[in-house]
Amino acid sequence: MKADITNVTFEYFDEIPSTNQYAKNRLQAGKNLCVIATKQTAGKGTKGRSFSSNAGGVYLTKLTFYDNFPVKSAFKLMQRTAVAVCETLVFFGLKPKIKWANDVFVGDKKICGILIENLFQNQQLKEEIKTL
């Protein structure tokens, strides 16, 4: 498994319709990208649902291109992402819990939703769009 994480472009917005859609619109560029917004007006959730994303949160999508990442290992991305979110929250003194496969809670409040969309080619993961 290998991703070029040293070459990532970061783009920040106060408000954007959707960090996810913005990243998808840049797939053809073939470059790793992280899109961060303070507010989304058309946030995307799982199963095509909308996602409430008012000011006060952090909304981001990471577009990653991979070399030599086997399809059978793709779920590890979801696991590692959820654990990384929890480790970050613990650092800030919170006690998170993961509701597999894509939600992170603190107490009874959902603090993060994770949406991962993978694009495969020849049994290899080629592109990943990860929205938090």
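*Asks:* Can you help me understand a nonpolar patch on the surface in this one?
*Replies:* A grouping of Phe-75, Val-83 and Trp-100 is seen on the molecular surface, where their side chains present a nonpolar patch of about 310 Å² in accessible area. Tracing the sequence through the fold places Val-83 in helix α2 (residues 75–91).

*Asks:* It is not clear to me how the layout of surface pockets should be interpreted in this structure. Could you clarify?
*Replies:* With a probe scaled to a water molecule rolled over the atoms, the places where space remains empty come into view. For the largest pocket, the calculated volume is near 910 Å³. Leu-60, Thr-81, Val-85, Cys-112 and Leu-132 are, among the 30 residues lining the largest pocket, the residues nearest its centre. Counting only elements with at least two residues in the lining of the largest pocket, the list comes to β4 (59–67), α2, β7 (109–113) and β9 (124–131). Sort the elements by how many residues they give to the lining of the largest pocket and α2 lands first, with seven residues. Class assignment for the residues of the lining of the largest pocket results in 17 nonpolar, seven polar and six charged. Within this model, the second largest pocket holds a volume of roughly 210 Å³. As for the second largest pocket, its lining consists of 15 residues, of which Gly-45, Thr-46, Phe-51, Lys-110 and Gly-113 are closest to the centre. Its residues placed into classes, the lining of the second largest pocket shows five nonpolar, six polar and four charged.

*Asks:* I tried to follow the sheet that holds strand β6 (residues 103–106) on my own but got confused; where do I start?
*Replies:* Read across the sheet, three strands follow the order β5-β6-β7 without closing on themselves; strand pairing throughout is antiparallel. Each having just a single partner strand, β5 (96–99) and β7 make up the two edges of the open sheet. Across the sheet, the mean angle from the axis of one strand to that of its neighbour is 35°, orientation sign disregarded. Seen against the sheet, α2 touches β5, β6 and β7 and runs at an angle of roughly 165° to β5.

*Asks:* What is the right way to read α2 from this model?
*Replies:* Because an α-helix packs 3.6 residues into every turn, residues spaced three or four apart end up facing the same way. In this model α2 runs 25 Å from its N-terminal to its C-terminal C-alpha over 17 residues, within 8% of the 24 Å that 1.5 Å per residue would give. Among the residues of α2, Leu-77, Met-78, Thr-81, Ala-82, Val-85, Cys-86 and Leu-89 are the ones counted as buried. Buried positions in α2, seen along its axis, are confined to an arc of 165° and lie on one side of it. Away from its buried face by more than 90 degrees, α2 exposes Glu-87 and Phe-91. Looking at the buried residues of α2, the elements they touch are β4, β5, β6, β7, β8 (115–121) and β9.

Definitions and limits used
- Residues numbered from 1 in each chain as written.
- Predicted model: local features only at pLDDT ≥ 70, side-chain atom pairs only at ≥ 80, totals over all residues.
- Heavy atoms only, no water.
- Patch = residues over 30% accessible without salt bridge, like charges linked within 9 Å, V, L, I, M, F, W, Y side chains within 5 Å.
- Areas by Shrake-Rupley, 256 points an atom, 1.4 Å probe, with all protein chains shown as cover.
- Salt bridge = Lys/Arg side-chain N within 4 Å of Asp/Glu carboxyl O.
- Helix = DSSP H or I, 4+ residues; strand = E, 2+ residues; numbered from the N terminus.
- 1 Å grid on protein atoms, 1.4 Å probe; cavity = no way out; pocket = protein on both sides within 12 Å on 5 of 7 lines; lining within 4 Å.
- Points joined across faces, edges and corners; volume = space filled by probe spheres on them.
- Nonpolar A, V, L, I, M, F, W, Y, C, P; charged D, E, K, R; others polar.
- Pairing = 2+ DSSP bridges.
- Axes fitted to C-alpha atoms, helices over the stretch in contact; angles between N-to-C directions.
- Contact = heavy atoms within 4.5 Å.
- Expected span 1.5 Å × (residues − 1).
- Buried < 20%, exposed > 50% of the residue type's maximum accessible area, 1.4 Å probe, protein only.
- Arc of directions from axis to C-beta.

By themselves, these are just geometric observations and shouldn't be taken as functional.
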